[in-house]
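# Overview (structure and organization)
Spelled out from the first residue to the last, the chains are:
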Amino acid sequence: MGTNKTAVFLCNCGPNIAECMDLDAIGAWAAGIEDVAAVFRHNLLCSPDGKAYFRQSLAQRQPENVVVAACSPKMHERTFQEPAEATGINMGRVQMANIREHCGWVTPDRAEATAKAKALVHAAICRCRRSEALTRRSTKVNTDVVVIGGGIAGIEAAMTAAKAGRRVTIVEKEIALGGRVIKTEELAPPMQCAPCPLAARLSALKETPNITVIANAEVTDVLGFFGNFTVRIRRRARAVKDNCIGCEICFEVCPVEVKTRFHLGPGTHKAIYTLFPGSVPAAAAIDKGACRHFTDGTCDACVKVCPLASIDFDEQDEQTEVQAGAIIVATGSADGDVSHLPELGWGVVDNVYTLPEFERIASSSGPYHGEIQLRDGRRPASVAVVHCAGSRRDDGIRYCSRVCCMAALKVGDLVRKKVPEAKVYNIHDTLVLGTPREALMHARQRCSGTSFLRCPDLTSIRVSRNGDRIRVVGEGLRPLDVDMVVLATGIKPPPAAGELAERLYVDLDQDGFFAPGDCLLHATSTSLDGIYVAGCAAAPSDVATAVTQGQAAAGDAVIRLAPGREIELEVMTCVIDEHRCAGCRLCISVCPYKAISFDRQKKVSVINEAVCRGCGTCAATCASGAAKAKHFTDGQIMAEIGGLMHV
Amino acid sequence: MSDFRPNVVAFVCNWCSYAGADHAGGQRLSYAPDVKLVRVMCSGRVDPQLVLQAFREGADGVMVLGCHPGDCHYRTGNVKAMRRFRILQRTLAQFGIDPARLRLDWVAAGEGERFQKLAGEMAGVVKALGPLVLAGKVERDVA
């Protein structure tokens, strides 16, 4: 077993080690060990002089292994591995014995420290008997970017990366891009048309050849690390081929009306539909739950009229794999829910809407073509806006979503644009007016006919029918009768955020948003390097913030994924000896990186060394001893234990 | 018996508890020299066989120290260590080894004091239990 070829270096570390133990005695003792070819001593081995001495000594002696008895390997392992490699000694054959932090500095008694140091040095010498060479590996970073979510933050992220020449894949769960903003009529405070700049952006995106949009799809699995991710995507069948241009001829012949999700309530579309005219992708989709071909097999009207033969009832879900260097999560948010609070009247009293529903009603592309009207077609003479509906309370959204105040203030402008004489009341508690522009918006509302009624406890608000009007009562308010009520609901994480976070191995915060890695310096980072977050996925945010974050995330990713940049791959990966593997697959179940797959032909597990990070959990789990953790093999650790125990 | 100096092997993960022990060193927080460390990359790497080997080679106590739950450098290695630990403790009892001779705990990179405390506690527990006598093995000389 012994090779008689280990060189031992003892470092005084100035007074740090030399004063704590008897290094002379340790040196004399070590020189007598069978494997030890020579013992070297230096006052400061990590100094330039010390490193030169280290290199020269190794060049002269040409030992097989090196033990450096000095400080923590966490501090200086690389310091000694590199010069050793320069003299032809592999990094795997350099072993440190930490006789400073783990011995001299924590053992006041000199004799005890000397004895413990001997044990640590002996353990390192014994471990060297089982040393194996390690191979450095590196790979070029993948410069591509995957964006999950095609709302405004995701679109901006994709456009930014694409402008830098990077290939971008956008994975969108809906059948078309646009997210929340495309459903919004105007943005506050500037009160600008929301879809107008976005429509221009979408058409630019469509013409950008290095952006691929995979719509009606979800990320099912993510492997790898910064610079080297594999993203698995499932694209759900839409029964319409990609060559569809959204000409809408089939809409006229489709006999089935479906309540539209896009308008959040009022309005319908056909069983074959697009979200809105000019969507990206342009292709329509078929709602399989409604289409008669799928429900009773009696209809193929769309097939007959389609000029491009795009209908494909047999289309199957598709699984694809995309390689990328970085992933930007821009999955947006979900609307706050008030269905569990019947006292607010939603779903109980006619003409009570949530804010997102009102946005659709007010939208020129909405179900009423922008006319503000009640269910019976009348125009409302008065509208009450209830702030913080379902928010800032334990039985709803606990936090303040920060952006709903501005959206609520918008209602006044939108109503008066269509019904100039209408009265608008804002029932609020705290108003979040975060910037001077927002404060100005509030001031302008007050001057132009919106009344602000403060209610110190918004949970006391009750909305009920009062004849053909709606009565709103609450603490500190005179009973108010209006024609329409808009509930300013908040913003919560999308329901699938938890699942996605698990697939990405990143953390969510206590409210379920993607938690920032370091909120001050890396505003768009997550807890995992190479995975970014932008927009409402990170926290309720306004459009300006979402745009800024989308651009910032892509900018950072693009800068760090410079073409040609090498990233070092893990040296100490795990490997499976296929001759010993019994095919039990326990290793697959414990691998935290999903780096192990099963070779069905050979019936053995195989480790993908580009993904493996070398934790060694598989090696600890493998019952046949087939999985090996490089540089931490069973043999090496056992030799170290033996050395520690039998000095 | 009072002269008995226990041998304690502590398997420490590279990222948290090894660094925690380094931190203890940096702050000169002394603890019993009987506690000797073996570095592994992750507490999830600690195969029960390694623990048994340590006892077989003469350890009177073994510690497995990892990152705090939720902080594992390798995501979930410490969770695997935790699951294995429960089974291993029951196995030890079957071998006639007091389960108190094996301890699993967590030390973060900045927790030098915690490392010192755990090392001291373990040395004390093992000293009180006395030398480990394995059935079928001759008692090791107590120097």
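Residues numbered from 1 in each chain as written. Chains lettered and ligands numbered in written order. Predicted model: local features only at pLDDT ≥ 70, side-chain atom pairs only at ≥ 80, totals over all residues.

## Overview of the overall build of chain B
Helix and strand content of chain B: four helices and four strands. For chain B, the sequential pattern of α-helices and β-strands runs β-α-β-α-β-α-β-α. For 143 residues, the compact-globule formula gives about 15 Å, and the C-alpha radius of gyration of chain B, at 15 Å, lands near that figure. With respect to the principal axes defined by its C-alpha atoms, chain B has extents near 40 × 35 × 20 Å. Within the span of chain B, comprising 143 residues, buried residues form 55% of the whole. (Helix = DSSP H or I, 4+ residues; strand = E, 2+ residues; numbered from the N terminus. Rg over C-alpha atoms; globule rule 2.2 N^0.38 Å. Buried ≥ 20, exposed ≤ 12 C-beta atoms within 10 Å, placed from the backbone.)

## Some remarks on helix H6 (residues 152–163) of chain A
All names here are of chain A. Along its 12 residues, H6 runs 16 Å from first to last C-alpha, staying within 8% of the 16 Å computed at 1.5 Å per residue. Counting buried positions along H6 yields 10 of 12 residues, so the element is predominantly enclosed. Within the sequence span of H6, burial applies to Ile 152, Ala 153, Gly 154, Ile 155, Glu 156, Ala 157, Ala 158, Thr 160, Ala 161 and Ala 162. Its buried side turned inward, H6 meets strand E6 (145–148), strand E7 (168–171), helix H7 (195–206), strand E10 (211–214), strand E18 (326–329) and helix H15 (543–560). (Expected span 1.5 Å × (residues − 1). Contact = placed C-beta atoms within 7 Å.)

## Topic: the interface of chain A and chain B
In this assembly, 35 residues from chain A lie in contact with 36 residues from chain B. At the level of elements, helix H5 (110–128), helix H17 (617–621) and helix H18 (634–645) of chain A are the ones that each hand at least two residues to the side of chain A that touches chain B. At eight residues, the largest contribution of residues to the side of chain A that touches chain B is made by H18(A). Residues belonging to the side of chain A that touches chain B are distributed by class as follows: 20 nonpolar, seven polar and eight charged. (Nonpolar A, V, L, I, M, F, W, Y, C, P; charged D, E, K, R; others polar.)

## Comments concerning the confidence of the model for chain B
As a note on interpretation, predicted positions should not be read in detail where pLDDT is low. Of the residues in chain B, 93% have a pLDDT of 70 or more, and the chain-wide mean is 92. Scoring the predicted complex yields pTM 0.81 and, for the interface, ipTM 0.95. (pLDDT = per-residue confidence, 0-100.)

## Points about the domain arrangement of chain A
Domain boundaries assigned for chain A yield domain 1 (6–134), domain 2 (145–235 + 317–333 + 505–560), domain 3 (249–305), domain 4 (335–492) and domain 5 (570–630). Between the C-alpha centres of domain 1 of chain A and domain 2 of chain A the distance comes to 50 Å. (Domains from an automatic or database assignment.)

## Section: the sheet that holds strand E20 (residues 352–354) of chain A
Residues and elements named next belong to chain A. The parallel open sheet is built from five strands, whose spatial order is E20-E27-E21-E22-E23. On the outer flanks of this sheet lie E20 and strand E23 (450–454), each paired with one strand and no other. Between one strand axis and the next, the sheet turns by 20 degrees as a mean value, whatever way the strands run. Direction of pairing for strand E21 (residues 382–389) relative to strand E27 (residues 484–489): parallel, over a ladder of five bridges. Counted as the bridge partner of Val 386 is Leu 487 from E27. Of the strands in this sheet, E20 and E27 touch helix H11 (residues 355–362), which is tilted by about 100 degrees from E20. Helix-sheet contacts for helix H12 (residues 404–418) involve E21, strand E22 (423–428), E23 and E27, and the interaxial angle to E21 is about 175 degrees. (Pairing = 2+ DSSP bridges. Axes fitted to C-alpha atoms, helices over the stretch in contact; angles between N-to-C directions.)

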